[in-house]
Amino acid sequence: MAGHSKWATTKHKKAAIDAKRGKLFAKLVKNIEVAARNGGPDLEGNPTLYDAVQRAKKASVPNDNIDRAVKRGGGLDGGGVDYETIMYEGYGAGGVAVLIECLTDNRNRAASDVRVAVTRNNGSMGDPGSVAYNFNRKGVVAVTKATADEDTILEATLEAGAEEIKDAGEQWEIISEATDLVAVRTAVVDAGLDYESAEAAFVPTVEVPVGVDDARRLMGLIDALEDLDDVQNVYTNVDLSDDVVAALDAD
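Below, the structure is looked at part by part. These numbers come from a predicted model, not from an experiment.

1. Here's the deal with the environment of Thr157
You can see Thr157 is positioned in helix α5 (residues 150-157). Note on Thr157: relative accessible area 0%, which makes it buried. Sequence-wise, Thr157 and Ala191 are 34 residues apart; in three dimensions their C-alpha atoms are separated by 8.7 Å. Those residues in contact with Thr157 that lie beyond four places of it in its chain are Ala162, Ile174, Val184, Ala187 and Val188. A polar side-chain atom of Thr157 sits 2.8 Å from the main-chain carbonyl oxygen of Ile153.

2. A few points about the packing of helix α4 (residues 107-120) against helix α7 (residues 212-226)
Running from amino to carboxyl end, α4 crosses α7 at an angle of 160°, the nearest separation of the two axes being 9 Å. It follows that α4 is roughly antiparallel to α7 by the angle criterion. The chirality of how α4 crosses α7 is right-handed. Contact residues: α4 offers Val114, Ala117 and Val118, while α7 offers Leu221, Ala224 and Leu225. Of the residues belonging to the contact of α4 with α7, the class tally is six nonpolar, no polar and no charged.

3. Here's the deal with the side chain of Asn237
Along the chain, Asn237 falls in the loop between β9 (231-236) and β10 (238-239). For Asn237, a relative accessible area of 3% puts it in the buried group. At a separation of 3.2 Å, a polar atom in the side chain of Asn237 contacts the main-chain carbonyl oxygen of Val206.

4. Observations regarding the pairing of strand β5 (residues 162-168)
Pairing geometry for β5 and strand β6 (residues 171-177), over six bridges, is antiparallel. Bridge pairing links Ile165 to Ile174 in β6. Adjacent in sequence and paired antiparallel, β5 and β6 are bridged by two residues, among which Gly169 carries a positive phi angle near 80°.

5. Comments concerning the packing of aromatic side chains
Scanning the model with the defined rule gives one aromatic pair in all. A centroid spacing of 5.5 Å and a plane angle of 70° characterise the contact between Phe202 and Tyr235, whose relative ring orientation is edge-to-face. Note that Phe202 is positioned in strand β7 (residues 197-204) and Tyr235 in strand β9, a separation of 33 residues in sequence. If you follow Lys58 out to its NZ or CZ, it ends over the ring of Tyr195, 5.3 Å from the centre. When the ring centre of Trp172 is taken as reference, the NZ or CZ atom of Lys145 above it lies at 4.7 Å.

6. Description of the pairing of strand β4 (residues 135-144)
Of all ten residues in β4, seven are buried, a share of seventy percent or more. Here eight bridges tie β4 to β7, and the two strands are oriented antiparallel to one another. In the strand pairing of β7, Val141 is matched with Ala198. Here β4 pairs with β6 via seven bridges, running antiparallel. Looking across to β6, one finds that Thr144 is bridged to Gln171.

Parameters at a glance
Going along each chain's sequence as written, the residues are numbered from 1 onward. At least 70 in pLDDT is required for a residue's local features to be given in this predicted model, at least 80 for side-chain atom pairs to be given and counted, and no such filter applies to totals for whole chains, interfaces and linings, which use all residues. Each side-chain value is worked out from all heavy atoms of the structure, with water and hydrogens disregarded. Only DSSP runs of H or I with at least four residues qualify as helices, and only runs of E with at least two residues qualify as strands; both kinds are numbered from the N terminus onward. Here the term buried applies to any residue with accessible area under 20% of the maximum for its type, exposed to any over 50%, and partly exposed to those in between, with areas from a 1.4 Å probe on protein chains only. Should any heavy atoms of two residues lie within 4.5 Å, those residues are counted as being in contact. Whenever two N or O atoms come within 3.5 Å, that pair is a polar contact, provided that in protein one can donate a hydrogen and the other can accept it, and provided that, for residues adjacent in sequence, both atoms are side-chain atoms. Angular values range over 0 to 180 degrees, each being the angle between N-to-C directions of two axes fitted as lines to C-alpha atoms, with helices fitted over their stretch in contact. These descriptions rest on fixed angle ranges, namely under 35 degrees for roughly parallel, over 145 for roughly antiparallel, 65 to 115 for roughly perpendicular, and the rest for oblique. Definitions for this section: a left-handed crossing has its near helix turned counterclockwise from the far helix by less than a right angle. A right-handed crossing has that turn clockwise. All amino acids are sorted into three groups, where Ala, Val, Leu, Ile, Met, Phe, Trp, Tyr, Cys and Pro are nonpolar, Asp, Glu, Lys and Arg are charged, and the leftover types, Gly among them, are polar. Should DSSP find at least two bridges between two strands, the strands are taken to pair. Aromatic contacts are taken between Phe, Tyr and Trp rings whose centres are within 6.5 Å, Trp giving its six-membered ring; a plane angle under 30 degrees counts as stacked, one over 60 as edge-to-face, and the others as tilted. Criterion for a charge above a ring: Arg CZ or Lys NZ at most 6 Å from the ring centre, at most 35 degrees from the ring normal.

And the structure:
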């Protein structure tokens, strides 16, 4: 749920958690397939695949699923599906910009599902380019706050290309140019620090503050989008104050 990371996930029943975990697993496996197809199945020579595999492992995706995805994507077993990346743009409650990244084998289905989810959840679709200018493609390495403090992380990663350290609730996010992602991730590991995730993501250039009611509506939209099989990532430029986060967590 990049782009609104200060908001902690509210409590759900076990069945809902299991359903979401199944969808998350499927999306992580899809990421691995695409990374292997684009850059080959060798983790050492394909940093995008390496990070996709690490992310899946941290989410407890079974190793067998990961291995099969690498083989499928790398063409080692003759299987796999040809996915394409499509970006959709829109607006959520409070005028918040929403960037929706899809990975799909059916463009028409993805477009229809995204449009329905947006219009049913207090949002509106935007024309291509209407929202994207609010974001830059950046490298984002997430480190839990228990691992180290902000100064220690910055000192370890500055020479590798770290531009800033952002407070993301329970984590620090190390922001860099997307081309410096591998160098920053390597610097984190070399410093003996553990990281939660490392990926290229869309980071907002200007954030929009919203109140509790608009924040609730926005989270409903994000949940509906993330529930779609074709949607890989949802990015927003929302700015949630501590009071709004507390209200969301209390729901």
